[in-house]
Amino acid sequence: MSVPTKTRLAPSEPRGSRTPGESAPGLLRYLPSQRYTSVLVTLLLLVAIFAVGSARYPGFFSGQVVLNLFIDNAFLIVLAVGMTFVILTGGIDLSVGSVVALSTMIAASLLQSGWSPPAVILTVLVVGSTLGFLVGLVIYYFDVQPFIATLAAMFLARGLCYVISTSSISIVDPFFVDMANARIPLGPGLRIAPSVIVALAVVVIAFVVLHYTRTGRTVYAIGNGGPSAMLMGLPVKRTQILVYAISGFCSAIAGVLFTFYTLSGYSLTAVGMELDAIAAVVIGGTLLTGGSGFVLGSVLGVLVLGVIQTIISFEGTLSSWWTRIVIGSLLLVFILLQKLLTPRRR
Amino acid sequence: MAEPEESDPMDTTVPIVEMNNISISFPGVKALDSVDFRMFPGEVHSLMGENGAGKSTLIKALTGVYKIDSGSIHLDGKPLVVTGPADAQRAGISTVYQEVNLLTNLSVAENIMLGREPRRFGVIDWRATRARAAKILRRLHLDIDPASQLNAHSLAVQQLVAIARSLDINAKVLVLDEPTSSLDADEVAELFRVIKGLKDDGVAILFVSHFLDQVYEIADRLTVLRNGALVGEYRIEEILRIELVHKMIGRDIAALDDLDSKTRAAVADADVGVPFMEAVGLGRKGSVEPFNFYINEGEVVGLAGLLGSGRTELARLLSGVDRPDGGELLVEGSPRKLRTARAALKRRIAYSSEDRKREGIIEDLTVRDNIVLALQADRGWFRRISRKRQDDLAVSYISALGIRPSNPETLVRNLSGGNQQKVLLARWLAIAPRLLILDEPTRGIDVGAKAEIQRLVSNLAEEGMSVVFISAELEEVLRLSHRIVVMRDRKKVADLENEDVTSGQVMTLIASGADA
Amino acid sequence: MMTEGSASRDSDTESRTRTLLRTATHSRLIWPILALVVLLAVNAIYSPGFLSIRVQDGHLFGSLIDILRNGAPIVLVALGMTLVIATRGIDLSVGAVVAISGAFALSIIGDAPDPNSLGVVLLAVGASLVFALILGAWNGLLVSVFGIQPFIATLILMTAGRGIAMLITEGQILTVASAPYKVIGGGYWFALPASIIIAGVLFALVAVLTRKTALGVLIESVGINPQASRLAGVGSRTIIWTVYVFSAVCAGIAGLMISSNVTAADANSAGLWIEMDAILAVVLGGTSLAGGRYSLTGTLIGAFVLQTLTTTVYSIGIAPEITLVFKALVVIAVVLLQAPRTRAGFAKIRRRQALTASPSKATVV
């Protein structure tokens, strides 16, 4: 028996294997709130943009402008929640915009043919979830990359819209009209739409699921490292399929909320909305590689997009299509930030 | 017992794990060939072997990752049928893998309890979860906050957390696969303290490590595998390190007799000026410690050392594949920074990776395309090598190296391992390298091809090419090299003129020499 | 013929005929060709005059010519997409680039004092292509230098790009009458629609370029095994950059063609879903979405299968928008067929058949 004599230098960065110590850069790892910093950054960004808006435009700084952010973006909040689940596992769902459009088309056409609103909403939710579930099956069973599977689903859902109708169908059902016009008073001069309550309920449920159920923790575990989660004996496959079903379900809810907002169904609606949802999630601090992020961050992300949109509309001289460009740029900046701040995994 | 004879307790207790006649094949490879393996409660057992010996295959068979083709596994006397890692865990076999399979963005408590969190009213009871995690951490005498995020802790603590996770499952068998590969000495001591505690509790621990010192410090018994077959099972007191190393890397050398030893002396007394390449204090943290190295024109330098000793890492630093974080590299006397493989190839320095499939061949291209690839890449895409020249190159290398089948239009994926290796060699030779670094060029190929490659290397050196030759097979290194550099524990430990070096001497160096 | 397989088999006729035989039986191309033939046959049955080509005012007319002409933009976009996919990438931004280039060209022509001046048109075309080139360079930068996943990198331009097109058209649908510009998408050269000639020339150019330079083999090498290619000294960064630039330029030309054909630039609907058509043409042509070996000829056939399908749907009388569903289903089917698991399944079936077949052979002997 020999006594170990050698002492090796402590290697901080072993080659080849992904080692945990690497994921926190430099001093950041010692900050207790490191996991919340990205959300804080988003919050600061939101406050800053809001401050800029308030300083520049009279009437911008008001409670109702804030509430309008929620009213105008209720559907996007729901969409972003679903997308958060998917991105937390390290996947992506490009089909959400098309599923929103499909949902509006199904709702509008069924209402037109005299279905009752509850039956219509139920149908929409079932269709959306089923589509998401099928996508999940394809991704898991056939080992197809998520972006390809959801891209195909995106085209399919859009095509199904055309099958229903190529022209816009307006909604005159009293329930939907009521939902569109109803405002719930919150205080003097402050009102919200019922959609906001639905959206916030979705957020709360998502928060509970993600943080207080094993399924939710498995979602994080998969994004942290699918093989690791598998080796830990977690139900990886089931959860992976589930997140796409959840995303489909959320897209369907968002579709219903969107019809409350627009009172019509149209095949070409919500084109490019997947970018908004992805941008909201990424800006909200969720890593595109998965495993880290918060559903509340995504809500903040949506609000950031909303404020930008509000500013652009207040500006008046700026055309509305700047929104798309700004959102794209913002998404890019946050992706690059993520790249910079998280060391490369090999 | 009537006989007072002192007997090994291992012979009287029932093994907790008993694997008999285990065979596993993958397409083209027999990874395990009727291997027997057993472990007893309360022992630390070390599994030893070089690359391709079948260590990880055996572990994966035990932990349910791989299905066995034949043989039987018993746990606690009962036949063990597991369909996956989750199943194995439930049966009492827990594994802490080399790449710590934990989730660094989650809390310590979660990493311990994930999938088994206590619940109340259908939702996770975080307070109870943390309390249970804290209890297990206390058992390991680990004083950390269960609510803290895992990546706030050192690797050693993370390892211990991984062990804590397996303890919560009440593991009877704990598999530690390379647990110390990224720990420093203090951290290793901490880990060993925990291992000893677990051993006293009756847990059987399978400890896999490249570090012989650590094996000799902690293990009670060890099992040696070589080429997918069992070499033997030994108590640690009854086997010397030198014997162990011999059992791990010793091979028969029958097929190599026709290569006589005259090659090595060829340039020994030639008058050499500036070395072709010289490295001064070159190193990279966590990969290989700073080393000095030189190689002359026409010289073959062998790199000897066990797997994980830093031999590959050294080669990658010399060839621009990995970037050093310190030191200097001189090519023909002038300092050069080789930032990429491309830059190195421009200086006629080629590195042939040990990982033929992932870093070598382009399997869906033809033999011809593969052979001309590096040359073409060097010329840039615009200046295409004419088809005639491509054909000439392909045909001449196919016949020179005896590549079979000899049709240059065959897809490389359809070739045998040895022929793929020859295609790779041809690719590097086509750029007429001044320095060729061959990392395990003879691994996993048949004996005939092996001898051909060895002969080729010595011929090339005679023509003035410098060759760095890395192999797990010591005989091969001794046979071919003018000089031998010995690596151990990521350090260069010796640089020997291969005049009258014996394999015993080199093995002693590899085994650290403490008890030779 | 397979582009890469037949690379410079320049010399003797014997090997050429052998290649022809081999390519004819090449399983990758046999299916798209078959699909094309079946579709053409269906059309010929439904509308008897389908296969006839007539000459009128010195120009060729007929359904087949229409298919070629209408398919030209898809051929172009799919051509670029093939090379991108071969490097393991994807370019989702082609539709947006189509919209931008059309909008940019028409806005220049519209602002010019004389929209009918050839100089103005050439300037507009040149400027649009440079714009497209810059957009491609942007994609390439994000993918090859910043290492962003291709679908995310190009998704940004896919959606933000429509905004750029909107900016150029100021939210209007630009309609500009310019005779020289109209030629690109609606004119005739040598009795043939100019768009066919443009697409044909570009296709030939790419085919020659990838074969006569080493671009083709290096693209494949990067797509099959990026890691090994790096060690072999392949400058994969440049190559990846090149293919994204090329893809954008192709999309740019397609954009000119489309806007010229309808003499209008619609930032919202120009090139809408063309990325799907392009991806579909590529996978129908036998190039795997996993990258690696590609077939330009396959893509060409794939594009014409698509265009014929669209024409068929029209002629049978189904609402044309519904083709999107068909296409999506075909994409899904092809993706599932290409999936590793499906392949493994097929291989197993084939092995089983081989096993059951061999004993009977043995008894014959």
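What counts as what
Residues numbered from 1 in each chain as written. Chains lettered and ligands numbered in written order. Predicted model: local features only at pLDDT ≥ 70, side-chain atom pairs only at ≥ 80, totals over all residues. Helix = DSSP H or I, 4+ residues; strand = E, 2+ residues; numbered from the N terminus. Buried ≥ 20, exposed ≤ 12 C-beta atoms within 10 Å, placed from the backbone. Contact = placed C-beta atoms within 7 Å. Pairing = 2+ DSSP bridges. Nonpolar A, V, L, I, M, F, W, Y, C, P; charged D, E, K, R; others polar. Axes fitted to C-alpha atoms, helices over the stretch in contact; angles between N-to-C directions. pLDDT = per-residue confidence, 0-100. Core = buried A, V, L, I, M, F, W, Y, C linked by C-beta atoms within 7 Å. Parallel < 35°, antiparallel > 145°, perpendicular 65-115°, else oblique. Expected span 1.5 Å × (residues − 1). Left-handed = near helix turned anticlockwise from the far one by under 90°.

### So, the overall build of chain B
1) Next: A count of helical and extended segments in chain B gives 19 helices and 22 strands.
2) Next: The buried share among the 516 residues of chain B stands at 52%.
3) Next: Taking as baseline every contact in chain B between residues at least 6 positions apart, the subset at least 24 positions apart corresponds to 70%.

### Digging into the pairing of strand β6 (residues 93–96) of chain B
Residue and element names in this part refer to chain B.
1) Next: Both faces of β6 are covered, namely the face carrying Ile93 and Thr95 and the face carrying Ser94 and Val96.
2) Next: Two strands pair when backbone bridges link them, and β6 and strand β9 (residues 173–177) are joined in this way by four bridges, in the parallel orientation. Of the residues in β9, the one forming a bridge with isoleucine 93 is valine 173.

### What about the environment of B:Leu303?
Residues and elements named next belong to chain B.
1) Next: With respect to the helices, strands and loops of the structure, leucine 303 is situated in strand β15 (residues 300–304).
2) Next: For leucine 303, a count of 25 C-beta atoms within 10 Å corresponds to the buried category.
3) Next: On a C-alpha basis, the gap between leucine 303 and valine 485 in space is 5.0 Å, while along the polypeptide they are 182 residues apart.

### Let's talk about the interface of chain C and chain A
1) Next: Each partner contributes residues to the interface: chain C has 34 residues there, and chain A has 30 residues.
2) Next: For the side of chain C that touches chain A, the element with the most residues is helix α6 (residues 150–169) of chain C, which contributes 11 residues.
3) Next: Considered class by class, the residues forming the side of chain C that touches chain A number 25 nonpolar, five polar and four charged.

### Here we look at the pairing of strand β4 (residues 70–75) of chain B
Residue and element names in this part refer to chain B.
1) Next: Relative to β4, strand β1 (residues 17–26) runs antiparallel, the two sharing five bridges. Bridge pairing in β4 links methionine 19 to isoleucine 73.
2) Next: Judged from the two bridges that link them, β4 and strand β5 (residues 78–79) form a sheet pairing that is antiparallel. Bridge assignment links leucine 75 to a residue of β5, and that residue is lysine 78.
3) Next: Connecting β4 to the next strand, β5, in antiparallel fashion are two residues, including aspartate 76 with a positive phi near 60°.

### Here's the deal with the sheet that holds strand β18 (residues 349–352) of chain B
Residues and elements named next belong to chain B.
1) Next: Strand order in the open sheet formed by six strands is β18-β19-β20-β15-β21-β22, with mixed pairing between adjacent strands. Of all strands in the sheet, those bounded by a partner on one side alone are β18 and β22 (491–497). Each neighbouring strand pair of the sheet contributes to a mean axis angle of 15°, computed without reference to strand direction.
2) Next: In terms of strand pairing, β18 meets strand β19 (residues 435–439) through four bridges, oriented parallel.

### Details of the confidence of the model for chain C
1) Next: For chain C, mean pLDDT is 83; residues scoring 70 or higher make up 88% of the total.
2) Next: With pLDDT under 50 throughout, residues 358–365 of chain C is counted as low confidence; its partners more than four residues away or in other chains account for zero contacts.

### Regarding the nonpolar core
1) Next: Core analysis: the largest hydrophobic core is formed by 394 residues, its most contacted members being A:Val78, A:Leu79 and C:Val331.
2) Next: Dropping the residues within four chain positions of it, C:Val331 is found in contact with A:Ala152, A:Phe155, C:Met276, C:Ile279, C:Leu280 and C:Val283.

### Observations regarding the sheet that holds β6(B)
All names here are of chain B.
1) Next: With mixed pairing, six strands are arranged side by side in an open sheet as β6-β9-β10-β3-β11-β12. The open sheet has two free edges, formed respectively by β6 and β12 (229–235), since each of these has just one partner strand. The mean inter-strand angle of the sheet, taken between neighbouring strand axes irrespective of direction, is 20°.
2) Next: Packed on one face of the sheet, helix α2 (residues 55–62) meets β3 (44–48), β6, β9, β10 (204–208) and β11 (221–226) and runs near 150° to β9.

### Topic: the confidence of the model for chain B
Residues and elements named next belong to chain B.
1) Next: On average, residues of chain B score 83 in pLDDT, and 90% of them are at 70 or above.
2) Next: Confidence drops under pLDDT 50 across residues 1–7; counting only partners more than four residues distant or on other chains, this segment forms one contact.
3) Next: In the predicted structure, residues 252–269 sits below a pLDDT of 50 and forms 24 contacts with residues beyond four places in sequence or in another chain.

### Brief notes about unusual backbone geometry
1) Next: Here the amide bond leading from B:Arg404 into B:Pro405 is cis, since omega sits at -5°, within 30 degrees of zero.
2) Next: Mapped onto the elements of the fold, B:Pro405 is located in the loop between α15 (387–401) and α16 (417–430).
3) Next: Its identity as a non-glycine residue notwithstanding, B:Arg490 has a phi of 65°, on the positive side.
4) Next: Counting through the fold element by element, B:Arg490 comes out in the loop between β21 (483–488) and β22.
5) Next: At C:Glu170, a residue that is not glycine, the phi angle is positive and equals roughly 50°.
6) Next: Along the chain, C:Glu170 falls in the loop between α6 and β3 (174–175).

### Concerning the packing of helix α3 (residues 96–112) of chain A against helix α11 (residues 273–283) of chain A
All names here are of chain A.
1) Next: Interaxial distance between α3 and α11 falls to 6 Å at its minimum, and their mutual angle equals 125°. Classed by the angle they form, the pair α3 and α11 counts as oblique. Between α3 and α11, the residues in contact are Val96, Gly97 and Val100 and Met273, Glu274 and Ala277, respectively.
2) Next: Residue composition of the contact of α3 with α11, grouped by class: four nonpolar, one polar and one charged.

### Comments concerning helix α12 (residues 274–284) of chain C
Residues and elements named next belong to chain C.
1) Next: Counting buried positions along α12 yields 11 of 11 residues, so the element is predominantly enclosed.
2) Next: Ile274, Glu275, Met276, Asp277, Ala278, Ile279, Leu280, Ala281, Val282, Val283 and Leu284 are the residues of α12 that are buried.
3) Next: In the segment just after α12, glycine 286 is the residue with positive phi, at about 95°.

### Description of helix α2 (residues 63–88) of chain A
1) Next: For α2(A), built from 26 residues, the straight-helix expectation of 38 Å at 1.5 Å per residue is missed by more than 12%, its first-to-last C-alpha distance being only 32 Å.
2) Next: A:Gly90 occupies a position one or two residues after α2(A) and carries a positive phi of about 90°.

### Section: the environment of A:Ile205
1) Next: Relative to the helices and strands, A:Ile205 is located in helix α7 (residues 194–212).
2) Next: Taking the C-alpha atoms as reference points, A:Ile205 and A:Pro188, 17 residues apart in sequence, are found 29 Å from one another.

### Notes on the packing of α12(C) against helix α13 (residues 296–316) of chain C
All names here are of chain C.
1) Next: Two numbers describe how α12 lies on α13: the axes approach to 7 Å, and their chain directions differ by 125°. With respect to each other, α12 and α13 are oriented oblique. Where α12 crosses over α13, the handedness of that crossing is right-handed. Where α12 approaches α13, its residues Asp277, Leu280, Ala281, Val282 and Leu284 are matched on the opposing element by Thr299, Gly302, Ala303, Val305 and Leu306.
2) Next: Class assignment of the residues belonging to the contact of α12 with α13 gives a composition of seven nonpolar, two polar and one charged.

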